[in-house]
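Descriptive structure summary
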Amino acid sequence: EPEVTQTPSHQVTQMGQEVILRCVPISNHLYFYWYRQILGQKVEFLVSFYNNEISEKSEIFDDQFSVERPDGSNFTLKIRSTKLEDSAMYFCASSGGQNNEQFFGPGTRLTVL
Amino acid sequence: EDQVTQSPEALRLQEGESSSLNCSYTVSGLRGLFWYRQDPGKGPEFLFTLYSAGEEKEKERLKATLTKKESFLHITAPKPEDSATYLCAVPNSGGYQKVTFGTGTKLQVIP
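**Examining the confidence of the model for chain B**
Detail in the predicted coordinates should be disregarded across regions flagged by low pLDDT. With 97% of its residues at a pLDDT of at least 70, chain B reaches an overall mean of 93. Mean pLDDT across the elements of chain B ranges from a minimum in strand β10 (residues 99-101) of chain B, with 90, to a maximum in strand β11 (residues 105-110) of chain B, with 98.

Structure follows, in structure tokens:
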């Protein structure tokens with residue numbers, strides 16, 4: 001069964017460093033998303049991406065964040081200068097259509113020291 | 001602003017003891033409602049999509065129902081492996097690009 005994959009599973013970084021989180025969405029999906037979940041809190045939408053551009057973003061997704069689809073299979077989230085409060089699980093998701101359910105990857109646990 | 005509220009926050013059941021989880025939503029122009037299951041340290045696992053009031057979907061011991069203001073996830077004769085956090089989510093008023101999640105109900109099924 002097709003699934004969303006994410007790497008790395010755990011990333012530890014120093015405050016102020018740049019990190020890139022990687023995702024491989026389900027191959028025939030067209031819509032891609034990033035979410036985060038701070039420990040013990042709810043899943044929060046960050047950004048959606050379609051047709052090689054951001055279609056919607058939340059207030060969390062400020063200038064420190066960027067997304068890219070560098071090739072036909074990968075979808076990345078970059079945090080330019082990490083802060084302590086960026087520590088969270090980051091989930092990638094994809095869907096086959098705008099009205100379809102989203103399928104989530106296993107997540108990357110980001111720890112900022 | 002779109003809101004999703006789930007209750008109870010936590011639920012402890014004996015194996016075989018049926019119950020229901022609630023998801024109340026406030027969104028103008030509901031375009032669907034999603035139920036997910038999340039195990040600790042894992043990503044949400046899709047369960048159901050409901051589109052209109054009166055709709056029901058079933059999967060094994062789970063049945064999801066939808067009214068104009070809320071959705072219920074009924075768990076019949078649960079087993080310990082049903083222990084997880086169950087999340088409800090709705091696409092925002094403008095479409096499916098942004099999805100708002102509830103805080104979830106943490107279910108524990110005791111053997």
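Next comes the rest of the description.
**Looking at the pattern of salt bridges**
On inspection of all chains with the given rule, the structure shows 5 salt bridges over all chains. Between Lys63 of chain B and Glu56 of chain B there is a salt bridge; the shortest N-O distance is 3.8 Å.

**Structural notes on the interface of chain B and chain A**
With 19 residues of chain B at the contact, the number on the chain A side is 22 residues. Carbon and sulfur atoms supply 53% of the area that chain B and chain A bury against each other, a total of about 1,800 Å² over both sides. Joining chain B to chain A, the criterion identifies 3 residue pairs in polar contact (both at pLDDT 80 or more). Secondary-structure elements contributing two or more residues to the side of chain B that touches chain A are β4 (33-38), β5 (45-50) and β10 of chain B.

**With respect to the nonpolar core**
Residue and element names in this part refer to chain B. Counting residues in hydrophobic clusters, the biggest one holds 23 residues, and the most contacted among them are Leu33, Trp35, Phe48, Leu62, Leu73, Tyr86 and Leu107. Taken together, the elements giving at least two residues each to this core come down to β2 (10-14), β3 (19-26), β4, β5, β7 (62-66), β8 (70-75), β9 (84-91) and β11. Of all the elements, β9 adds the most residues to this core, at 4 residues. Look past the residues within four positions of Phe48 in its chain and what remains in contact with it is Leu33, Phe34, Trp35, Lys57, Glu58, Lys59, Leu62, Ala64 and Leu73.

Definitions and cut-offs
- Residues numbered from 1 in each chain as written.
- Chains lettered and ligands numbered in written order.
- Predicted model: local features only at pLDDT ≥ 70, side-chain atom pairs only at ≥ 80, totals over all residues.
- Heavy atoms only, no water.
- pLDDT = per-residue confidence, 0-100.
- Helix = DSSP H or I, 4+ residues; strand = E, 2+ residues; numbered from the N terminus.
- Salt bridge = Lys/Arg side-chain N within 4 Å of Asp/Glu carboxyl O.
- Contact = heavy atoms within 4.5 Å.
- Buried area = accessible area lost by both parts, 1.4 Å probe.
- Polar contact = N/O pair within 3.5 Å; in protein donor to acceptor, adjacent residues only side chain to side chain.
- Core = buried A, V, L, I, M, F, W, Y, C linked by side-chain atoms within 4.5 Å.
- Buried < 20%, exposed > 50% of the residue type's maximum accessible area, 1.4 Å probe, protein only.

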